[in-house]
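What the coordinates show
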Amino acid sequence: MIPPLFDGVQEIVNDPARLGALPESQMIAGDADVDFDRLSRMAAALFDTPFGLVTLVGKERQWFRGHFGPLAIDSTETSISFCEHTIALPGQDLLVVLDAQQDPRFRGSPLVTQTPFIRFYAGAPIVRAGQKIGSICVLDTRERDAVDPELLAQLRDFAELASSLFALKDEALVRARTAAALKREEWRHALTLEAGKVGSWVWDLHSGEIACNDMFRRMYELPEVGTVRAEQILAAVHQADRSKVEDGLRASLLDGVDYSAEARVGDTGRWLSMRGRVYQRDAGGNPLIMMGASIDVSESKHTAEHTRLLLRELNHRVKNTLAMIQSVARQTIRQNPDPKAFIEAFSGRLRTISDAHVLLADRDWSGVHLYEVIASQLGPKFLTKPDRAEVKGEDVALPADHALGLGLILHELTTNAYRYGAWSAEGGIVRIEWQIRNAPERGLALRWQEIGGPKVKPPEEQGLGTKLIERSLAKVLDSKVALNFEPDGVVTEVWLPLPAA
């Protein structure tokens, strides 16, 4: 992680006269550096002084990037800095102070009058990108009469070396930043492909090897490690789709068109959409590198297939429903030639068919539960607040034809109970009970029994309601409906075979 800019370094960054064209990355991390410490020690040894420094000078403070000697501080104010005067000199001039106590610029400085009681100073400016950013200097507590020019020349060489060190460290930091950014981008790219279920691949046609990400390996059920070859990919494709994949690849390699194909992977049921393009060819036009991606489109494929099945089921249901409505209408008008009576009788039956279709459509024609079918006739509160009805039995899922047929039966029985049966008299009730039987075959045994209504006798002629009750389950194989006109009330026995649980 890159350290944050601290206050002093920020001063340098904000000071154009100090910073100039200097890259910002050089200004980062103002702590002492072992390489600059070593350079400071060498300078101090050269001049035989107790102190050596490599400094960065800002507008208000200076910081020691390298130091040698028992200094108790790592920065100081620029106003009392010797190095501030060094970088203020024209060109590459060095600053030499033989006796600070005698120099009017420094004799009042706390560095001279207090610890460490500096008397001698020699410093050379450090230049980066044409700008003076600091200095390398030596300091002593003893004054001197003169300085060997050869020593000053070597101090200038140390300053140039310090500048080169700054440049190298700057470049290394830039490389580290770039590498970190590339790594983050690589991670982001990998996470994006992973989240999008995209398998990326690069095919080297010369070697036959394919470089790919982990998602691609999982898509084709390949080993997690090891070399991947084109033959493995083709072998993983469903046999019925291989020729389509081969034709697409051949057209892309020879004719230069983009590769595009959809194929299944083995017997897994997974569908992949494959896209690719030749990105490199030799001088003769022969393909060298092909790149592409595979996307898992299983969900959309299965959804499309499910939609097609639903449409076929809907077409089938619409035809059957229209035939049923036509039959019910024909028989209803035969039994009720009066228009008002016909509309009343037909509307109820049509509404029952419609309600059943709504329930089935809401569940993609996968069937509905028995409680829902009963609620469509007795009301949604038939269990908690029954209206002269006793309902007993566990809920069970019914296939579409079962639900539609049973709904019509319950409608006819309910209508008859209100008109002529138990619910036409005070105190009459209807008891609906059922059991799920597993032997000799699994099925629903439902009993409708009316109690407390007018005395009942079998009709002399079979009416439409009776016919509908007995024929509503005609499409359900092995179903049975027995309608009995007992003296105490109508009893209907219904048997519906059910799919295995």
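Structure's up top.
Notes on the structure in this doc start here. Computed from a prediction, not measured in an experiment: that's the story for all the values here.

It is worth spelling out the overall build of the protein at this point. A count of helical and extended segments in the protein gives 14 helices and 19 strands. Relative to its 501 residues, the protein shows a buried fraction of 41%. Counted over contacts in the protein with a minimum sequence separation of 6, partners at least 24 positions apart contribute 59%. Summed over its atoms, the accessible surface of the protein is roughly 27,200 Å², and 54% of this surface lies on carbon and sulfur atoms.

As a further point, take a negative patch on the surface. The grouping of Asp148, Glu150, Asp157 and Glu160 at the surface amounts to a negative patch. Within the element layout of this structure, Asp157 appears in helix α6 (residues 149–195). On the accessibility criterion, Asp157 (47% relative accessible area) is partly exposed.

As a further point, take the nonpolar core. Nonpolar side chains tend to gather and get buried jointly when the protein is soluble and globular. Core analysis: the largest hydrophobic core is formed by 32 residues, its most contacted members being Leu370, Leu398, Leu406, Trp434, Leu444 and Trp448. Put simply, the parts of the chain that give this core at least two residues each are α12 (370–378), β14 (389–392), α13 (400–419), β16 (429–437), β17 (443–451), β18 (480–486) and β19 (489–497). Top element by residues in this core is α13. It accounts for six residues. Once you skip the residues sitting within four places of it in the chain, Leu398 turns out to touch Gly367, Val368, His369, Leu370, Val373, Ala403, Leu406, Leu444 and Leu498. Counting residues in hydrophobic clusters, the runner-up holds 24 residues, among them Ile233, Val245, Val265 and Met290.

Our next topic: the sheet that holds strand β3 (residues 75–77). The sheet built from six strands is open, its strands ordered β3-β2-β1-β6-β5-β4 with antiparallel pairing. The open sheet has two free edges, formed respectively by β3 and β4 (95–97), since each of these has just one partner strand. When strand polarity is set aside, the average angle formed by the axes of neighbouring strands in this sheet is 25°. Summarising the sheet, β4 and strand β5 (residues 120–128) pair through three bridges and their orientation is antiparallel. The partner of Val97 across the bridge, within β5, is Tyr121.

This paragraph deals with the pairing of strand β7 (residues 198–204). Within a regular strand, the side chains alternate between the two sheet faces. Pairing of β7 with strand β12 (residues 287–296), which is carried by seven bridges, proceeds in the antiparallel orientation. What sits directly across from Asp204, in β12, is Ile289. Sheet analysis places β7 next to strand β8 (residues 209–212), joined by four bridges and oriented antiparallel. Paired with Trp203 across the bridge in β8 is Ile210. Hairpin connection from β7 to β8: four residues lie between these consecutive antiparallel strands, with Gly208 at a positive phi of about 80°.

Right, let's get into the sheet that holds β17. Sheet architecture is open: five strands sit in the order β14-β16-β17-β19-β18, paired in mixed fashion. The sheet is open, and its two borders are formed by β14 and β18, each paired with just one other strand. Sheet twist, expressed as the average angle between the axes of neighbouring strands with direction ignored, equals 10°. Where β18 lies against β19, seven bridges are found, and the strand directions are antiparallel. Paired with Asn484 across the two strands is Val491, which belongs to β19. Here α13 sits on the sheet and contacts β16, β17, β18 and β19; the angle it forms with β17, its principal contact strand, is near 5°.

Quick reminder: α-helices carry 3.6 residues per turn. Residues three or four places apart thus point the same way. The terminal C-alpha atoms of helix α3 (residues 34–47), which comprises 14 residues, lie 20 Å apart, in line with the 20 Å expected from a rise of 1.5 Å per residue. Turning to α3, its buried residues are Phe36, Leu39, Ser40, Ala43, Ala44 and Phe47. One side of α3 carries all its buried residues, which in axial view fall inside an arc of 135°. Seen from the buried face of α3, the exposed residues on the opposite side, beyond 90 degrees, are Val34 and Ala45. The backbone nitrogen of Asp35 lies 2.8 Å from a side-chain oxygen of the residue at the head of α3, namely Asp33. Directly after α3, the chain includes Asp48, whose backbone phi takes a positive value near 55°.

Per the stated rule, a full pass over the model turns up 18 salt bridges. A salt bridge links Asp258 to Arg277; the nearest nitrogen and oxygen atoms lie 2.9 Å apart. In this pair, Asp258 is assigned in the loop between α9 (242–255) and β10 (259–265) and Arg277 in strand β11 (residues 270–281), connecting sequence segments 19 residues apart. A relative accessible area of 39% places Arg277 in the partly exposed class.

Reading the values: the criteria
- Residues numbered from 1 in each chain as written.
- Predicted model: local features only at pLDDT ≥ 70, side-chain atom pairs only at ≥ 80, totals over all residues.
- Heavy atoms only, no water.
- Helix = DSSP H or I, 4+ residues; strand = E, 2+ residues; numbered from the N terminus.
- Buried < 20%, exposed > 50% of the residue type's maximum accessible area, 1.4 Å probe, protein only.
- Contact = heavy atoms within 4.5 Å.
- Areas by Shrake-Rupley, 256 points an atom, 1.4 Å probe, with all protein chains shown as cover.
- Patch = residues over 30% accessible without salt bridge, like charges linked within 9 Å, V, L, I, M, F, W, Y side chains within 5 Å.
- Salt bridge = Lys/Arg side-chain N within 4 Å of Asp/Glu carboxyl O.
- Lys, Arg positive; Asp, Glu negative; His and termini not counted.
- Charge placed at Lys NZ, Arg CZ, Asp CG, Glu CD.
- Core = buried A, V, L, I, M, F, W, Y, C linked by side-chain atoms within 4.5 Å.
- Pairing = 2+ DSSP bridges.
- Axes fitted to C-alpha atoms, helices over the stretch in contact; angles between N-to-C directions.
- Expected span 1.5 Å × (residues − 1).
- Arc of directions from axis to C-beta.
- Polar contact = N/O pair within 3.5 Å; in protein donor to acceptor, adjacent residues only side chain to side chain.

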